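# Descriptive structure summary
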Amino acid sequence: MKMIVAVDQNWAIGLRGGLLVRIPGDMAWFRQKTMGKVVVMGRKTLESLPGGQPLAGRVNLVMTRDRSFQRKGAAAVHSMEEALKTLRQYAAEDVYIIGGESIYRQFLPWADTVYVTKIMYAYDADTFFPNLEADGEWVMAEESEEQTYFDLEYFFQKYVRKS
């Protein structure tokens with residue numbers, strides 16, 4: 001199982017239910033990594049997507065406590081147990097956890113790879129991804145050349161769980 005996330009230099013991921021910044025190169029990288037795959041998200045993350053709609057070209061699995069939740073193009077699960085059972089029908093390498101904070105934290109023990117877009121700026125934020133640099137279970141296996149979007153510098157990083 002994989003995760004994909006954009007973080008600032010303090011591992012922040014969002015503010016008031018939205019992304020910290022939208023970087024076209026990051027969006028393209030996200031699309032390239034997840035297209036044709038299974039994406040797992042919380043209900044609030046789904047609602048933050050364009051039009052509040054599931055991502056086209058992917059299997060969308062939404063975790064929510066709301067048992068009446070329905071959205072065309074998405075399947076709903078209501079617990080970790082139900083999510084993990086549902087995900088067994090897919091190859092682990094085809095599953096991407098895409099947020100938000102509580103979903104990332106719940107699934108992190110099952111992940112073996114995390115794709116991070118590391119933005120070299122500190123935003124005002126209220127949601128965070130676990131700091132993999134400070135977690136001895138993870139090591140950065142790859143890092144891109146510096147990318148820029150106007151005055152923002154960012155890197156594409158790949159973290160893998162130590163064996």
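Note that the coordinates shown come from a computational prediction; the quantities given were computed from them, not determined experimentally.

## Let's talk about a negative patch on the surface
Together, Glu 143, Glu 145, Glu 146, Asp 151 and Glu 153 line one region of the surface with negative charge. Along the chain, the position of Glu 153 falls in strand E12 (residues 152-161).

## What to know about empty space enclosed by the protein
This model, assessed by the stated rule, comprises one cavity of 30 Å³ or more. Lining the largest cavity, in full, are Ala 6, Val 7, Ile 13, Leu 19, Leu 20, Val 21 and Ile 119. By residue class, the composition of the lining of the largest cavity is seven nonpolar, no polar and no charged.

## Quick notes on unusual backbone geometry
At the junction of Gly 99 and Gly 100, the peptide bond is cis and its omega measures out at 0 degrees in the coordinates. Note on placement: Gly 100 falls in the loop between strand E7 (95-99) and helix H4 (101-107). Residue Phe 150 is not a glycine yet carries a positive backbone phi of 55 degrees. Checked against the element boundaries, Phe 150 lands in the loop between strand E11 (147-149) and E12. Since its relative accessible area comes to 73%, Phe 150 is described here as exposed.

Calculation criteria
- Residues numbered from 1 in each chain as written.
- Predicted model: local features only at pLDDT ≥ 70, side-chain atom pairs only at ≥ 80, totals over all residues.
- Heavy atoms only, no water.
- Patch = residues over 30% accessible without salt bridge, like charges linked within 9 Å, V, L, I, M, F, W, Y side chains within 5 Å.
- Areas by Shrake-Rupley, 256 points an atom, 1.4 Å probe, with all protein chains shown as cover.
- Salt bridge = Lys/Arg side-chain N within 4 Å of Asp/Glu carboxyl O.
- Lys, Arg positive; Asp, Glu negative; His and termini not counted.
- Charge placed at Lys NZ, Arg CZ, Asp CG, Glu CD.
- Helix = DSSP H or I, 4+ residues; strand = E, 2+ residues; numbered from the N terminus.
- 1 Å grid on protein atoms, 1.4 Å probe; cavity = no way out; pocket = protein on both sides within 12 Å on 5 of 7 lines; lining within 4 Å.
- Points joined across faces, edges and corners; volume = space filled by probe spheres on them.
- Nonpolar A, V, L, I, M, F, W, Y, C, P; charged D, E, K, R; others polar.
- Buried < 20%, exposed > 50% of the residue type's maximum accessible area, 1.4 Å probe, protein only.

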